[in-house]
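Architecture and fold: a report
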Amino acid sequence: MGDIYARPGDGIGLIAPAGHILQKEIQPGIELLEAQGYLVKRADNLFGKHRYFSGTITQRVSDIHDFLDDPDIKVLYAVRGGSGSSQLLPHLDYAKWRISGKPLIGFSDISALQWAIWHNSAIKSVSGMALTFQLRTSNPYISLFLRQLRGTRKSITARDLQKEKLVVAREGEARGILLGGTLSIIVSLLGTPYFPENDENIILFIEEVNEPLYRMERAIVQLKLSGFVDRVRGLILGRFK
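Residues numbered from 1 in each chain as written. Predicted model: local features only at pLDDT ≥ 70, side-chain atom pairs only at ≥ 80, totals over all residues. Heavy atoms only, no water.

**What to know about the overall build of the chain**
The cut-off we apply is this: Under the scheme used here, helices are H or I runs from DSSP no shorter than 4 residues and strands are E runs no shorter than 2 residues, and both carry numbers assigned from the N terminus. All radius of gyration figures rest on C-alpha atoms, and the globule criterion is 2.2 Å times the number of residues raised to 0.38. Throughout, the Shrake-Rupley method with a 1.4 Å probe supplies accessible areas, and for residues the shown protein chains are the sole cover considered. The charged-residue count follows a simple rule in which Lys and Arg add positive charge and Asp and Glu add negative charge, with His and chain termini not counted at all. Here the site of a charge means atom NZ of a Lys, CZ of an Arg, CG of an Asp or CD of a Glu.
What the chain contains, in helices and strands, is 7 helices and 8 strands. For the chain, the C-alpha radius of gyration of 17 Å lies close to 18 Å, the compact-globule estimate for 241 residues. Principal-axis analysis of the C-alpha atoms gives the chain an extent of 45 × 40 × 35 Å. Of the roughly 13,000 Å² that the chain leaves accessible, carbon and sulfur atoms contribute 51%. Charge centroids of the chain, computed over 30 positive and 25 negative side chains, lie 4 Å from each other.

Here you go:
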């Protein structure tokens with residue numbers, strides 16, 4: 001059995017730590033979660049707008065802290081990425097997050113939050129799925145995601161990914177802490193108090209969108225020059241569009 005993040009009947013708190021979102025963009029995902037028996041709560045500023053963010057820094061931080069304090073909420077779910085999550089890092093109460101033990105679901109720009117709360121609170125996160133386009137019944141991996149959310153699945157295996165074109169660049173076995181997310185976001189945390197400095201034996205997974213090849217290569221070189229790559233025991237490459 002894996003970690004149980006939320007059983008049907010538990011509350012899932014929807015937050016938008018980054019980009020502005022419209023209700024129609026995530027309504028199908030909300031309905032899917034509710035059909036699974038989850039109590040879906042919307043943050044006060046979920047559909048707010050400040051410039052191209054969902055709200056001011058104070059509003060976005062307040063939404064997170066409110067759900068950390070809410071006993072009915074078991075999981076915080078970032079509905080989309082975009083830009084702006086790193087703005088929140090100095091303002092978050094990591095002791096509150098550590099005490100609550102609540103995981104954060106999200107990916108893309110949300111990687112900044114996930115790495116920061118791991119480094120400062122040792123709280124696990126779930127990478128994926130975006131309510132904007134991935135949390136749909138047509139997604140072939142939705143059943144797997146929901147089973148992991150309920151704790152009835154512990155891991156993903158090669159059998160789960162039979163529909164994908166997997167390429168093994170170097171065979172081997174590795175054991176360690178699974179950390180990952182969007183490459184450019186990970187690199188942006190280097191040299192900050194939110195980058196894991198002491199974790200050893202890391203299994204790193206990375207993905208990226210809308211970045212030219214030379215920028216991705218430069219980011220990987222920066223990770224290597226920083227010494228971080230020396231602590232990586234396994235590497236998983238996602239999609240690079």
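**Description of helix 1 (residues 23–35)**
Operational definition: One fewer than the residue count of a helix, multiplied by 1.5 Å, yields its expected span. To obtain the bend at a residue, axes are fitted to the seven residues ending there and to the seven starting there, and the angle between these axes is taken. Summary of the burial criterion: residues with accessible area below 20% of their type's maximum are buried, those above 50% are exposed, and those between are partly exposed, where the area comes from a 1.4 Å probe applied to protein chains only. The contact rule is simple, with two residues in contact once any of their heavy atoms fall within 4.5 Å.
End to end, helix 1 covers 17 Å across 13 residues, agreeing with the expected 18 Å (1.5 Å per residue, within 8%). Its maximal kink placed at Gly29, helix 1 deviates by approximately 25°. What helix 1 keeps buried is the set Ile26, Gly29, Ile30, Leu32 and Leu33. Buried residues along helix 1 sit against strand 1 (11–15), strand 2 (39–42), strand 3 (73–78) and helix 5 (142–150). Note on helix 1: the residue one or two positions beyond its end, Gly37, has a positive phi of about 95°.

**Some details on the sheet that holds strand 6 (residues 177–182)**
Short version of the rule: Pairs of strands are assigned from DSSP output, requiring at least two bridges between the strands. Under this scheme, a helix contributes an axis fitted over its contacting stretch, all axes are lines through C-alpha atoms, and angles between N-to-C directions fall in the 0 to 180 degree range.
Spatially, 3 strands are ordered 6-7-8 in an open sheet, and the strand pairing comes out parallel. Two strands lie at the open edges of the sheet, namely strand 6 and strand 8 (232–240), each paired on one side alone. The average undirected angle you get between the axes of adjacent strands in this sheet is 15°. Of the pairings in the sheet, the one linking strand 7 (residues 202–208) to strand 8 comprises 6 bridges and is parallel in character. The partner of Ile203 across the bridge, within strand 8, is Gly234. Running over the sheet, helix 4 (residues 111–121) touches strand 6 and strand 7 and is turned about 155° from strand 6.

**Observations regarding the sheet that holds strand 4 (residues 104–106)**
In spatial order, the strands read 2-1-3-4-5; together these 5 strands make up an open sheet with parallel pairing. Since the sheet does not close on itself, it has two edges, and those belong to strand 2 and strand 5 (125–127), each with one partner. Between one strand axis and the next, the sheet turns through 25° on average, direction left out of account. Here 4 bridges tie strand 1 to strand 2, and the two strands are oriented parallel to one another. When the bridges of strand 2 are listed, Gly11 appears paired with Leu39. Helix 4 contacts strand 4 and strand 5 of the sheet and is inclined by roughly 155° relative to strand 4.

**Brief notes about the environment of Gly37**
Within the secondary structure, Gly37 is located in the loop between helix 1 and strand 2. The spacing of Gly37 and Asp10 is 27 residues in sequence and 8.0 Å in space, taken between C-alpha atoms. Not counting residues up to four positions away in its chain, the partners in contact with Gly37 are Pro8 and Gly9.

**Quick notes on the layout of surface pockets**
What counts, and what does not: A 1.4 Å probe that fits but cannot get out identifies a cavity on a 1 Å grid over protein atoms alone, an open set with protein on both sides within 12 Å along at least five of seven lines counts as a pocket, and a residue lines either if it has an atom within 4 Å of a point. Grid points are joined across faces, edges and corners, and a volume is the space filled by probe spheres set on the points. Here the nonpolar group is Ala, Val, Leu, Ile, Met, Phe, Trp, Tyr, Cys and Pro; Asp, Glu, Lys and Arg are the charged ones; every other residue, Gly included, is treated as polar.
A volume near 160 Å³ is recorded for the second largest pocket. Around the second largest pocket, the lining residues are Leu183, Leu204, Ile206, Ile220, Leu223, Lys224, Val229, Val232 and Leu235. Within the residue set of the lining of the second largest pocket, elements represented by two or more residues are strand 7, helix 7 (213–225) and strand 8. Ranked by the residues each element gives to the lining of the second largest pocket, the list is headed by helix 7, at 3 residues. Partitioning the lining of the second largest pocket into residue classes produces 8 nonpolar, no polar and 1 charged.

**Observations concerning the environment of Ala158**
Relative to the assigned elements, Ala158 resides in the loop between helix 5 and strand 6. Sequence-wise, Ala158 and Val232 are 74 residues apart; in three dimensions their C-alpha atoms are separated by 21 Å.

**What to know about unusual backbone geometry**
Here the residue pair Gly128 and Met129 is connected by a cis peptide bond, since its omega of -10° sits within 30 degrees of zero. Phi at Ser108 is positive, roughly 65°, even though this residue is not glycine. Mapped onto the fold, Ser108 is located in the loop between strand 4 and helix 4. One non-glycine residue with positive phi stands out, namely Ala122, at about 60°.

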